[in-house]
Amino acid sequence: MAPVGESSRRGSARDAQGNGSVALQAKATLQILAEQSGAAQKSATEQLADIVSYNDLQSSLQAWFHHFDLDQSGRINYREFERALKVLAPERNPDNVMKLWQGLDYDQSGEISFDEFAYERDAESWSNFRRWCGSVFQGSKDMIRQLKDHYAEISGLDAGSDEVVREREFCEGRFFHAFDLENEGCIYAKYLRWVDREVKMFKMKEAAKKSAQKMARLKARHAQETQGALRSFKECLQKQYGNMFKAWRGALDTNSSMTMQRAELFKAVKTLNWKGDCRALWRALDHDNSGITTIEELDANSAQLLAEFKLFAQTLTDNPKRPSLIFNILDRHKRKKLSHAQFIQECEGRGFTKNTKMLANCMDWQDKKFITEVDLQFLDVWRTPAWLTASPDPEAAESFKHQLVARLGHIVKAWKVLMDKDQSNSCNWHEFQQAAKSVRFTGDVAGAWLALDADLSGSISLEEIDSDAHASLTEFKVWADSEFGGVKSAFKVLDADGSGSLSFHEFKLACRNYGFPGDCRRLFKSLDQQGEGMLAMHEVFFLDGWKIEEQKESPAMSESGSKTPEQGNKHTGCLLEYWTENPGPGSYTIPSSFGHCERVPGARHGGAFSFAGRNKLGNAPRRIGPAKYCPNLLATTPNRPAYSFSAPQTRPASADATAKTRRGNTSAKLGLAVSRPTTPGPGAYDTEPLSPGGPKFTMRPRRALPLHPSKTPD
C-alpha cells in the first residue's frame, strides 16, 4: 500500500526503539498493520498515486519519467518497477511490491505502460499530447526550436541559439516538470528521446495509410454504389407497382419461375426505364454469387406471407404439390374469379387471418380488381425456403453456437471458415444451411436461423453469433481504418520486426503506442483463432472486407427536429424557394404562368414555342384589340409583322365569338369577346384578326394543334 501517514508511522517506530517499551513497539506494529489493511482496500493505481503524492511529485507522469521509465521506451518491466519503488517506498517488502505489480499488470503481459500506471484521465491526456508532438515536430531538436521561436514571436524577444527550452517557453507547465529530469528548470534534447520515437511511429503510420487509401476509397465507393442502386431500384418499383411482389410478377419474374437471372434483370431495368447502375444492382441482389436471385432476397416480408399462405393451402388441398387448387375451394359459387373482399372473407373463414388484405393485393398483381386461379399457379413451382414458414427457436440457436465451438474450437474461426467465406461479415440462409451441415447440427436449422435473423434482413453477422467478439473486432477495424487506412496496413506497422507474426506482448505494446483505446487482451483472444498465442496476418486481414454500418443522425432532422432547407422543399426546380424553421407555411413555389391554359391559370408553360405562318384571312373586318393597337394602320400594317400569343391546347375565346357571329349573335357582330380568362398575363388575352397585308405570324406551343380564332374546329 502507498505510504499514507508515513511520517507518523516512522515517528511511532522511533519512539518505540528509543524508549525500549514493549507497549510502544506493539502500538507501532498495530498501527502499521491497520494502515496496510486500509491500503489493501485501495486499487493499485490509487496506491501509486499515494506514493507519488508522498514523495512531493507533481504528477504521475513526472514519477514515470524520473523514476520508472528511465530509458523512455514507453514501458517498464518488473525489475524497473521494483527499482523505482525502492527509492520511492523503501519500507515496502517484496511481497507487497509483487502484489502491487500484479494489480497493475492486469493482462499478465509482463510489462506495463503509462496507460496502466496512471488514472485514465492522465493516461488519455498524455496519449493525446505525445501523438500530437509526433505529428507536428520532426524530432526533439525541432521541438525545442519551434517552441523557442513561438515564444519569441509572441513576446518580441530574441529566441537565442541554445538548444534548450525553459519553462516560460514550453507553454505546457503540467508536462514541463515531467521532462525536466535533472530539476534544472530547463529541458535539453536528450530529455525528449520519446519525441523521436513518436515522430518515427507517425511517419510509418502515415506511409501505410497513404498506400491503403486508394484501395479503401475504391471499396467504399463500390459499397456505396451497390447499396444506392438497390435503394433507388426499390423506390422505382414501389412507385410504379405499389408493392414489391407486384413488381416481381409484373416486371422481374415474367416467366413465373420465382427466380430471376442477370439477363432477366437487365431486360426488366430497360423496360422500367430505370437509369441506375445495373451491375451494382445485380451485385446487391445476388450477394451470395449464386447466379440467381429470389423474391425473399428482394422482399423477405412479402415472401414470408406468401409462404405461409402456401403452407395453409397445402393443408386444405388433396394434392400438396398443387397448392393453387385452393382457389376451387375458395370459389364456392364457381364464378372462376374472386373479388378482393370475397378472397379475404373466404381465407379468414377457413382460418388464415394473417394480413389478408396485403395477401389479396399481392395475388392481384395485374390490378384486375379480382383474383383467378391463374394468379395462384406460381405457388406450384415456388420452392419456399424452410425458414419462411418456421418459428424462431432461441434454444436451437444457442445449441448451434455451441456446436460451432465444439467442432472448430474458436467462434471467430468457425465464423470465418464455415459461415463467412467471402469475408463480408454477412451470412445468408444458404451459407447457414451449409455450415449447419458441416458441423453436423441436427436441431431445428430454420428455427435457429429465424432466432438469429430477427429483423428478416436475409443475412446475419458475427454480432448475432458472438456479440463480444464482434464488438471487439469492429472497434479494432474502425481504429485501424482511421489510423492506418486498413487492417492489413496496420498489421504491417504493428509488426515492427517484420517477422509476420505478433505475440500478445508485441501486439499489446504496439497497440498502446499507437493509441488503440480498446481491450487488447479480449481483442487478441478474438483474433487468435489457433489458440497458439501468436497472431499471423491471415488471421487479421479478413477484417478489411467487413462492411461497418455507422450509426449517424439522419440529415433530414436537426437537433431541434426541424427539416433542412433542401428536404423541406422538394420542388427544387422552382424559380423561388422560401424556407423557415418555425411552424407554418414553410415552402412556397411561384412557377411561371407564361403561356398557361385558361382553365389552369397557375400551371407551368410547355417551355418550347415556335413560329408558324398565320392562316390567310378572308374579308375580316378591321378591329383594334389588345396586343395589336396601332395609331395608323394604313402606314404600318402592310410593312410590320404582327405577333400574338395563343393559349396552349385550348380553344381561344375569340373562336367562340366568331362562331356565334356566323350564327347571328348580335354581340359578336359588334366585336365584343364572349368570355375572357379570370387571370391577366401573357397569353390570357383574346386576339382579334388583323387586316390583311404584310407577313403575319403567331407563337404557339409545339405539338399543339394550330387554330386561328376565326376558324371553327372540325
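Residues numbered from 1 in each chain as written. Predicted model: local features only at pLDDT ≥ 70, side-chain atom pairs only at ≥ 80, totals over all residues. Heavy atoms only, no water.

A. Structural view of the overall build of the protein chain. Regarding its fold elements, the protein chain presents 34 helices and 14 strands. When each of the 714 residues of the protein chain is scored for burial, the buried share is 42%. Contacts in the protein chain between residues far apart in sequence, at least 24 positions, make up 61% of those at least 6 positions apart. Accessible surface for the protein chain amounts to roughly 39200 Å². Of this, 50% is attributable to carbon and sulfur atoms. (Helix = DSSP H or I, 4+ residues; strand = E, 2+ residues; numbered from the N terminus. Buried < 20%, exposed > 50% of the residue type's maximum accessible area, 1.4 Å probe, protein only. Contact = heavy atoms within 4.5 Å. Areas by Shrake-Rupley, 256 points an atom, 1.4 Å probe, with all protein chains shown as cover.)

B. Structural view of the packing of aromatic side chains. Enumeration over the complete set of coordinates arrives at 44 aromatic pairs. Taken together, a centroid distance of 5.4 Å and an interplanar angle of 75° make the contact between Phe233 and Trp274 edge-to-face. In this pair, Phe233 sits in helix α12 (residues 193-241) while Trp274 sits in the loop between α14 (262-272) and α15 (278-285), placing the two residues 41 residues apart along the sequence. The class of Phe233 is buried, set by a relative accessible area of 0%. The ring of Phe370 has Lys368 lying over it, and the distance from NZ or CZ to the ring centre is 5.5 Å. (Phe/Tyr/Trp six-rings, centres within 6.5 Å; stacked < 30°, edge-to-face > 60°. Lys NZ or Arg CZ within 6 Å of the ring centre and 35° of its normal.)

C. Spotlight on the pattern of salt bridges. In the structure shown here, the tally under the stated rule is 18 salt bridges. Among the salt bridges present, the one from Lys148 reaches Glu169, with a minimum N-O distance of 3.5 Å. Of this pair, Lys148 sits in helix α9 (residues 140-155) while Glu169 sits in helix α10 (residues 167-170), placing them 21 residues apart in sequence. Classification of Glu169 by relative accessible area gives buried; the value is 5%. We note a salt bridge from Glu346 to Arg350, for which the minimum N-O separation is 2.4 Å. Under the relative-accessibility criterion, Glu346 is labelled buried at 9%. What emerges from the salt-bridge pattern is a single network uniting Lys148, Asp162, Arg166 and Glu169. (Salt bridge = Lys/Arg side-chain N within 4 Å of Asp/Glu carboxyl O.)

D. Spotlight on unusual backbone geometry. Phi at Lys334 takes a positive value of approximately 55°, unusual for a residue other than glycine. Mapped onto the elements, Lys334 comes out in the loop between α18 (326-330) and β7 (338-339). Given a relative accessible area of 55%, Lys334 falls into the exposed group. The phi angle at Lys336 is positive, at roughly 65°, despite the residue not being glycine. Take Lys336: it is sitting in the loop between α18 and β7.

E. Examining the nonpolar core more closely. Core analysis: the biggest nonpolar cluster contains 109 residues, and Phe309, Phe343, Met363, Trp382, Met419, Phe432 and Phe507 have the highest contact counts within it. Looking at this core element by element, the count peaks at eight residues for helix α17 (residues 300-316). With residues up to four places along the chain from it excluded, the contact list for Phe343 reads Phe309, Leu330, Leu338, Leu359, Ala360, Met363 and Ile371. With 45 residues, the next largest nonpolar core counts Leu104, Phe114, Ala123 and Phe175 among its residues. (Core = buried A, V, L, I, M, F, W, Y, C linked by side-chain atoms within 4.5 Å.)

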